[in-house]
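Remarks on the overall topology
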Amino acid sequence: MTSAGAPGSATDTANATVRIARLAWPILIGQLAVIANGVIDTAMTSRFSTLDLAAMALGVSVYVSIFVGLSGVVQALLPRIGQLYGGGRMAAIGPEVKQGIWLAVFLSVIGCIALFFSPLFLTLAHASPALIVKATLYLKIQALALPATLGFRVYTSLNTAIGRPKMVMLIQVLALCGKLPLNALFIFGGLGLPAFGGPGCAIATTILSWLMLLTGILAMRRLHYYRQLHLFDHGFPPPRWKAQRSLLKLGIPIGMSYFIEVTAFTCMAVFIARLGATAVASHQITANVGTVLYMLPQSIAGATGTLVAQAIGARSAHAARRIAYAGIRLAAIASVLLGVVVWFTRAWIIRAYTPDPVTIAAAMPLFLFIAFYQLFDSVQVTTAYVLRAYKVAVIPTVMYAVSLWGVGISIGYVLGLNPFGIAPPALQGAAGFWLGNSISLGLVAAGLLAYMRHVQRRTAAAIGNA
């Protein structure tokens with residue numbers, strides 16, 4: 001037994017770690033390419049006008065809340081395909097992907113309706129009419145990209161589940177290369193086209209999203225490797241309720257867990273906004289850096305979940321446990337090292353965002369939380385992906401809701417806003433909310449680890465009895 005309680009020799013653990021790392025790095029690069037698209041949008045729109053930048057920021061906040069939840073539902077495909085692939089049931093993968101496409105279509109209809117009725121959400125912000133008009137146009141254009149984006153999520157889940165994320169990474173990097181010229185064309189105008197400003201980012205995103213989806217389809221049809229998966233055999237069957245119900249049973253809790261994470265940060269931002277512009281700016285810088293850093297453990301988590309699902313499909317509970325612990329350990333070590341680097345370079349990082357000495361001073365103490373909460377975040381996200389590989393998502397989602405919405409926001413409110421006059425000065429303001437968030441992530445990590453051990457024992461017993 002290892003020190004973590006997982007079975008397997010040091011050699012087996014090392015081999016599992018190497019396999020996870022090989023699968024994780026393309027996922028990481030692809031995710032960073034996706035984030036870079038948002039950075040390019042912000043940088044280019046800010047050079048057009050402040051109004052367009054504010055409208056885009058408002059539109060993005062609505063779009064992300066909708067998209068993250070829907071894309072999480074589609075991710076139910078990943079463990080299902082991973083188990084089929086690990087068990088050598090190649091003929092079943094094609095029908096599973098086709099049902100996933102139907103799921104993406106249904107979710108796209110729901111998402112597009114929500115985006116087309118976005119003025120109902122935007123009026124809650126009490127923004128100016130000009131801002132709402134721009135943000136509404138941005139969201140309506142983004143609605144045209146949603147079906148392609150969810151369709152590409154099906155392609156991403158397939159490739160990750162069969163251990164070929166490099167194809168996805170290549171398409172995402174190529175799309176990033178096209179983002180700059182398309183943004184320039186549609187934001188500032190040219191070639192006979194008018195300047196669209198912020199909504200021009202949505203036009204560029206829509207074009208690239210459909211090109212990415214078409215490239216993925218073309219790759220599946222042309223590359224020899226995909227033929228063993230029977231993706232294009234027997235035509236395209238209609239949706240089957242039993243298959244859709246199975247996908248939704250796993251996908252809805254996954255989508256809800258993503259929604260809970262996003263809205264927990266949104267609530268933090270709303271409460272911190274009461275504290276003034278400096279507090280908001282320091283929080284935004286910290287949150288942005290945290291989002292980038294989160295890509296590393298999330299990539300390791302995705303790779304770990306894929307390999308665990310394949311091991312379960314091969315009916316090897318022993319290998320599944322070994323890979324799970326290897327992935328959690330790798331994510332924790334990598335995140336701690338990254339947190340140390342961030343702590344010692346925090347001054348340079350913050351100055352890269354702003355030259356304002358007041359904002360720099362406000363952001364500096366918040367980076368303490370960035371440095372140490374990485375450990376909790378890496379453990380919770382990797383363990384959550386492992387549980388999804390076992391097709392378990394309901395209990396983890398309840399844990400997220402209780403910890404992030406209940407504990408984290410409550411502690412943040414009591415400390416950050418200090419309504420009862422009991423918070424020490426060092427923890428008032430944005431620091432109190434970040435402490436609450438860190439504590440909630442620690443609770444989630446501990447709860448998920450305990451529950452994962454229970455699920456592993458139950459699965460091992462089931463495989464042994466079979």
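Heads up: the structure comes first, above all this text.
This structure is a prediction, so every number in the text was calculated from the model and none was measured.

Considerations on the overall build of the chain
Looking only at helices and strands, the chain features 16 helices and zero strands. A compact globule built from 466 residues should have a C-alpha radius of gyration of about 23 Å, and the chain, at 22 Å, falls within 12% of that. Oriented by its inertia axes, the alpha-carbon framework of the chain measures out at about 60 × 60 × 35 Å. When the accessible surface of the chain is split by element, carbon and sulfur atoms take 72% of a total near 20000 Å². Each charge class in the chain can be summarised by its mean position, and for the 31 positive and 8 negative side chains these summaries are 10 Å apart.

Some details on helix 3 (residues 77-86)
Burial analysis of helix 3 places eight of its 10 residues in the buried class, which makes it a mostly covered element. Among the residues making up helix 3, those that are buried are Leu77, Leu78, Pro79, Arg80, Ile81, Gly82, Gln83 and Leu84. Residues of helix 3 that are buried in the fold lie against helix 2 (50-74), helix 4 (93-116), helix 6 (129-161), helix 9 (241-272), helix 10 (277-313) and helix 14 (367-389).

Re the environment of Leu404
Topologically, Leu404 is positioned in helix 15 (residues 394-417). With a relative accessible area of 3%, Leu404 lands in the buried category. Taking the C-alpha atoms as reference, Leu404 lies 16 Å from Leu375; in sequence the two are 29 residues apart. For Leu404, the residues in contact, after removing those within four places along its chain, are Ile260, Glu261, Ala264, Ile409, Asn437, Ser440 and Leu441.

Looking at a positive patch on the surface
On the surface, Arg240, Lys242, Arg245 and Lys249 cluster together into a patch of positive charge. Judged by its relative accessible area of 46%, Arg245 is partly exposed.

As for unusual backbone geometry
Positive phi, close to 60°, is recorded for His230, a residue that is not glycine. In this fold, His230 is placed in the loop between helix 8 (199-222) and helix 9. One non-glycine residue, Lys391, lies in the positive phi region at around 65°. By the secondary structure assignment, Lys391 is in the loop between helix 14 and helix 15. Residue class for Lys391 comes out partly exposed when judged on its relative accessible area of 39%.

Considerations on the packing of helix 1 (residues 10-46) against helix 10
Contact geometry for helix 1 and helix 10: axes closest at 8 Å, N-to-C directions at 135°. If you check the angle between helix 1 and helix 10, you find them oblique. Considering how the two elements wind past one another, helix 1 and helix 10 form a crossing that is right-handed.

Remarks on the pattern of salt bridges
With the rule as written, the count across this model stands at two salt bridges. Lys179 is the salt-bridge partner of Asp41, the closest N and O atoms lying 3.2 Å from each other. Taken together, the residues Asp41 in helix 1 and Lys179 in helix 7 (residues 165-188) connect sequence positions 138 residues apart. In this pair, the class of Asp41 matches that of Lys179, namely buried. Here Arg80 and Glu96 are joined by a salt bridge, their closest N and O atoms 2.5 Å apart. Placement of Arg80 in helix 3 and of Glu96 in helix 4 is noted, with a sequence separation of 16 residues between them. Under the relative-accessibility criterion, Arg80 is labelled buried at 15%.

Rules used throughout
- Residues numbered from 1 in each chain as written.
- Predicted model: local features only at pLDDT ≥ 70, side-chain atom pairs only at ≥ 80, totals over all residues.
- Heavy atoms only, no water.
- Helix = DSSP H or I, 4+ residues; strand = E, 2+ residues; numbered from the N terminus.
- Rg over C-alpha atoms; globule rule 2.2 N^0.38 Å.
- Areas by Shrake-Rupley, 256 points an atom, 1.4 Å probe, with all protein chains shown as cover.
- Lys, Arg positive; Asp, Glu negative; His and termini not counted.
- Charge placed at Lys NZ, Arg CZ, Asp CG, Glu CD.
- Buried < 20%, exposed > 50% of the residue type's maximum accessible area, 1.4 Å probe, protein only.
- Contact = heavy atoms within 4.5 Å.
- Patch = residues over 30% accessible without salt bridge, like charges linked within 9 Å, V, L, I, M, F, W, Y side chains within 5 Å.
- Salt bridge = Lys/Arg side-chain N within 4 Å of Asp/Glu carboxyl O.
- Axes fitted to C-alpha atoms, helices over the stretch in contact; angles between N-to-C directions.
- Parallel < 35°, antiparallel > 145°, perpendicular 65-115°, else oblique.
- Left-handed = near helix turned anticlockwise from the far one by under 90°.

The quantities given are spatial measurements derived from coordinates; they are silent on function.
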